[in-house]
Amino acid sequence: MIDLYSDTVTRPTPAMRQAMASAVVGDDMMGEDPTVNHLESMVAEMLGKEAAVFACSGTQSNQMALRVHCVPGDELLINSTGHIGNYEGGAPAALSGITVRHITAPNGFLEVEDLRGQLAPEDQHLCRTRLVCLENTANAGGGRVYPLKQMQRVAEWAWSNNLKMHLDGARLFNATTAGGYSPEDVGQCFDTVSICFSKGLGCPMGSILAGSHDDIRQARRVRKIFGGALRQAGIIAAAAVYALENHVTRLADDHRNAQQLAAQLSAVDGICISPKDVETNLVFFEIDKNLGTSAQLGSALSEFDVRMSPFRGQRMRAVTHLDVEAEDIPKAVDAVRKAMAAGIREQRVPAGGPHSE
Ligand SMILES: *Cc1c(COP(=O)(O)O)cnc(C)c1O
């Protein structure tokens, strides 16, 4: 099967498994796992931060940051398509009593003008605005990349208004690869940065949160409360170290494959896509609504051993990653062409909501 559902479907490579099997480990909850400690200092240094803390998932790592920056009754500002506000099970409210204020920015990327009017003045009636969250690359924002200058402008505005800045960098290295800036450039725009190892980097699990000594000390407490403090976590941290050393530069291959996919899909009847909007490994396209829905195309594709991720309505997402080869791209496009030509309208759609990872 050619699985373009998400970059979360990657399986650890034999070399990664080898690194995991031979990891030196200890009790991480006591700060004694050398592999976790190594990973944490490695990431802190890459981002120009004082410290970092390993977490089980991207959701956990984001929510640890939110709890550090906010108290119950506070609100955060985030783009209306943001993962933290839409796809983390209501965690800001459920875990930390935080109100999420969704801001609809014209192109999916927050700019100072979008935020300025949203800052609540000091008033007992209003939530206290405390935090700005950006997402880079923006997942439901089309996998697009924030320009460095824009992150800098937002940070300057936020800090001058006493707000904290958090980055959901689930795909940070896709952003730095395509954006032409360094992880450290990004680190300078945020108080805390979360990165996922289980997406394009190809690890079985794990995320990390980087920030100041104080913020990360607090985040460690929160991680314990959220049930994410582990023991011999070096087994999984070793996969992350391996990925940082071996799977970052190859992300450019995924981006090239995504470009190919977009270009070839644009030639398929009934598919609407603008290849220049594809900046990283996430490829979004629309299906002509006279022909069927993305869920129906998804069902039809299963007969051709190809999987993609139907979003709401006409919108479909296909993701390139470590386990997708260049020669899979024309095969996947061929499957789409055949499915569309055969007609997808009659397809029965399995139950289940839109996908978000
Ligand atoms: C995948 C993802 C996360 C974290 O999701 P988990 O399933 O908890 O690992 C966070 N933000 C974005 C943008 C993501 O794509």
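Residues numbered from 1 in each chain as written. Predicted model: local features only at pLDDT ≥ 70, side-chain atom pairs only at ≥ 80, totals over all residues. Heavy atoms only, no water.

**A word on the sheet that holds strand E9 (residues 271–272)**
Phase 1: Ordered in space as E9-E10-E13-E12, the four strands form an open sheet in which the pairing is antiparallel. On the outer flanks of this sheet lie E9 and strand E12 (309–310), each paired with one strand and no other.
Phase 2: In the sheet, strand E10 (residues 282–287) pairs with strand E13 (residues 315–319) via five bridges, with the strands oriented antiparallel. Across the sheet, Leu282 pairs through a bridge with Val319, a residue of E13.
Phase 3: Where helix H13 (residues 294–302) meets the sheet, its contacts fall on E10, E12 and E13, and the angle it forms with E13 comes to roughly 45°. (Pairing = 2+ DSSP bridges. Helix = DSSP H or I, 4+ residues; strand = E, 2+ residues; numbered from the N terminus. Contact = heavy atoms within 4.5 Å. Axes fitted to C-alpha atoms, helices over the stretch in contact; angles between N-to-C directions.)

**Comments concerning unusual backbone geometry**
Phase 1: Of note, the bond from Asn136 into Thr137 is cis; its omega dihedral lies within 30 degrees of zero at 0°.
Phase 2: Secondary-structure assignment places Thr137 in the loop between strand E5 (128–135) and helix H7 (148–160).
Phase 3: Here the phi dihedral of Asp305 falls at roughly 60°; this positive angle occurs in a residue that is not glycine.
Phase 4: Position of Asp305 relative to the elements: it lies in the loop between H13 and strand E11 (306–307).
Phase 5: Using a relative accessible area of 47% as the deciding quantity, one classes Asp305 as partly exposed. (Buried < 20%, exposed > 50% of the residue type's maximum accessible area, 1.4 Å probe, protein only.)

**What to know about the packing of aromatic side chains**
By convention here, two paired aromatic rings are described through the distance between centres and the angle between planes.
Phase 1: On inspection of all chains with the given rule, the structure shows three aromatic pairs.
Phase 2: Ring geometry for Phe284 against Phe311: centres 5.3 Å apart, planes inclined by 85°, an arrangement best described as edge-to-face. Within this pair, whereas Phe284 is found in strand E10, its partner Phe311 is found in the loop between E12 and E13, the two being separated by 27 residues in sequence.
Phase 3: Relative accessible area serves as the criterion here: at 10%, Phe284 is assigned to the buried category. (Phe/Tyr/Trp six-rings, centres within 6.5 Å; stacked < 30°, edge-to-face > 60°.)

**A word on the pairing of strand E2 (residues 51–55)**
Put simply, side chains in a regular strand alternate between the two faces of the sheet.
Phase 1: Burial analysis of E2 places five of its five residues in the buried class, the great majority of the element.
Phase 2: Here E2 shows no split at all, with Ala51, Val53 and Ala55 on one side and Ala52 and Phe54 on the other all buried.
Phase 3: Sheet analysis places E2 next to strand E8 (residues 207–211), joined by five bridges and oriented antiparallel. For Val53, the partnering residue across the bridge sits in E8 and is Leu209.

**Description of the pattern of salt bridges**
Phase 1: Following the criterion strictly, the structure yields 16 salt bridges and no others.
Phase 2: Note that Glu75 is salt-bridged to Arg101, the shortest N-O span being 3.2 Å. Here the residue Glu75 occupies a position in strand E3 (residues 74–79), and Arg101 occupies one in strand E4 (residues 99–103), the gap between them amounting to 26 residues.
Phase 3: Taking relative accessible area as the criterion, Glu75 reaches 1% and is therefore assigned buried.
Phase 4: The exposure class assigned to Arg101 is partly exposed, which follows from its relative accessible area of 33%.
Phase 5: Close ionic contact of Lys276 with Asp277 constitutes a salt bridge, the shortest N to O distance being 3.7 Å.
Phase 6: Residue Lys276 is classed as exposed on the basis of its relative accessible area, which comes to 67%. (Salt bridge = Lys/Arg side-chain N within 4 Å of Asp/Glu carboxyl O.)

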